[in-house]
Amino acid sequence: MSSEIMDAYWAAPPMARTLATAILITSVSVYFGLLSTSWIYFTEDRLFRLPPEIWRLATSFLLSGPQLGILLDPYFAYQYLKQLETQNPKFPRKEDVLWYLMTVGGFIILINRTVLNGVFYLPGLIMALTYTATQDARGVKTSFFFFTVPAQTVPYCMLVASLLMSPGVIPLQISGIVSAHLHDFLTRLWPEFGGGWNLLPTPSLISRLVQTPRVFQREYGTAIRPPSAQASGSTTGAATGSVLPDSWKTRGTGRRLGGD
């Protein structure tokens, strides 16, 4: 049973899986007193210390709400990031999703530090993911708790739910909608309808960071395939059909040391 659970876990999309796991571990650690929030909240002055505490750019998005939020926030983050990672045509590559997270996260931080003075931003990120994942799904029905609603209305259903349960997070959620819409405008709406160009293209550096060896599945496990047979041969000296390097095969008949 545990093996099946782990297989399903590792089969999940990597970025969605990693984000949900990080949220769950961070939140449990904070609420059970294992980790202090002083190490993970965001404020500008911490970035200019020596050494700079740059991890706060990421950890400020990893603290969920208390109680039921410890389960719901990782679930929503996983669900909608998974849709971007596997189903959304605007993000054909993994690096495009990673760049989306970085830019939208930056917009959320900028809005909150300029207007709202917040230090934790997970509700804004979840709302941004939800907005981006559902905005082009007009005509599609989806479930929101016990109700069936048009997919594009899910972000606004979340706002209504927050109004009833936790109205304090609504400004942060709105900052997520604004950030996601700004990203969509700069990367899609302006090029397609404004005659401009993509103002936030994925940097080549991000593409290089995401590069991984090609992986293929076998019946009994996973194996890593070298980039090409030619590259493998040039590195190891191996020739097809033989375990000896080419240079050894031109030396003539082998002789036993000490023999005639």
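Keep in mind that what you see is a predicted model, and the values were worked out from it rather than measured.

(A) Representation of the packing of aromatic side chains within the structure. What the rule picks out here adds up to seven aromatic pairs. A ring pair is formed by Y9 and W10, whose centres lie 5.2 Å apart and whose planes are at 80°; its orientation type is edge-to-face. A residue is classified by how much of its surface remains accessible, and Y9, at 29% relative accessible area, is partly exposed. With a centroid separation of 6.4 Å and an interplanar angle of 15°, the aromatic rings of F76 and Y80 are classed as stacked. Note that F76 and Y80 are positioned in helix α4 (residues 69-86) at a spacing of four residues, about one turn of the helix. Taken as a pair, F76 and Y80 share a single burial class, namely buried. Grouping aromatic residues by their ring pairs yields a cluster made of F42, F61 and Y121. Over the aromatic face of Y9 sits the side chain of R17, whose NZ or CZ is 5.6 Å from the ring centroid.

(B) A look at the nonpolar core. One finds L19, L81, Y100, I108 and L129 to be the most contacted residues of the largest nonpolar core, which totals 39 residues. Elements with a minimum of two residues in this core: α2 (14-31), α4, α5 (94-116), α6 (122-134), α7 (154-165) and α8 (170-193). With eight residues, α6 is the largest single contributor of residues to this core. Beyond its immediate chain neighbours, meaning those up to four positions away, L81 contacts M15, A16, L19, V97, L101 and L129. By size, the runner-up hydrophobic cluster in this structure holds five residues, among which are W99, F107, L200 and I206.

(C) Quick peek at the UniProt feature "transmembrane region" (unreviewed entry) in the protein. As annotated in UniProt, the feature "transmembrane region" (unreviewed entry) corresponds to residues 20-42, 54-77, 97-122 and 143-165 in the numbering used here. In residues 20-42, the share of helix is 52% and the share of strand is 0%. The end C-alpha atoms are 20 Å apart. Helix makes up 54% of residues 54-77 and strand 0%, whereas the separation of the span's terminal C-alpha atoms amounts to 22 Å.

(D) The pattern of salt bridges, seen in detail. In the structure shown here, the tally under the stated rule is eight salt bridges. With its nearest N and O atoms 2.9 Å apart, the salt bridge here joins D96 to R93. With relative accessibility at 10%, the residue D96 sits in the buried group. One salt bridge in this structure joins D184 and R188, with 2.8 Å as the shortest N-O distance. With D184 and R188 both in helix α8 and four residues apart, this pair spans about one turn of that helix. In terms of burial, D184 and R188 fall into one category: buried. Residues joined in a network through salt bridges with shared partners are R46, E53 and R56.

Calculation criteria
- Residues numbered from 1 in each chain as written.
- Predicted model: local features only at pLDDT ≥ 70, side-chain atom pairs only at ≥ 80, totals over all residues.
- Heavy atoms only, no water.
- Phe/Tyr/Trp six-rings, centres within 6.5 Å; stacked < 30°, edge-to-face > 60°.
- Buried < 20%, exposed > 50% of the residue type's maximum accessible area, 1.4 Å probe, protein only.
- Helix = DSSP H or I, 4+ residues; strand = E, 2+ residues; numbered from the N terminus.
- Lys NZ or Arg CZ within 6 Å of the ring centre and 35° of its normal.
- Core = buried A, V, L, I, M, F, W, Y, C linked by side-chain atoms within 4.5 Å.
- Contact = heavy atoms within 4.5 Å.
- UniProt positions renumbered as here; feature names shortened; annotations may be inferred.
- Salt bridge = Lys/Arg side-chain N within 4 Å of Asp/Glu carboxyl O.

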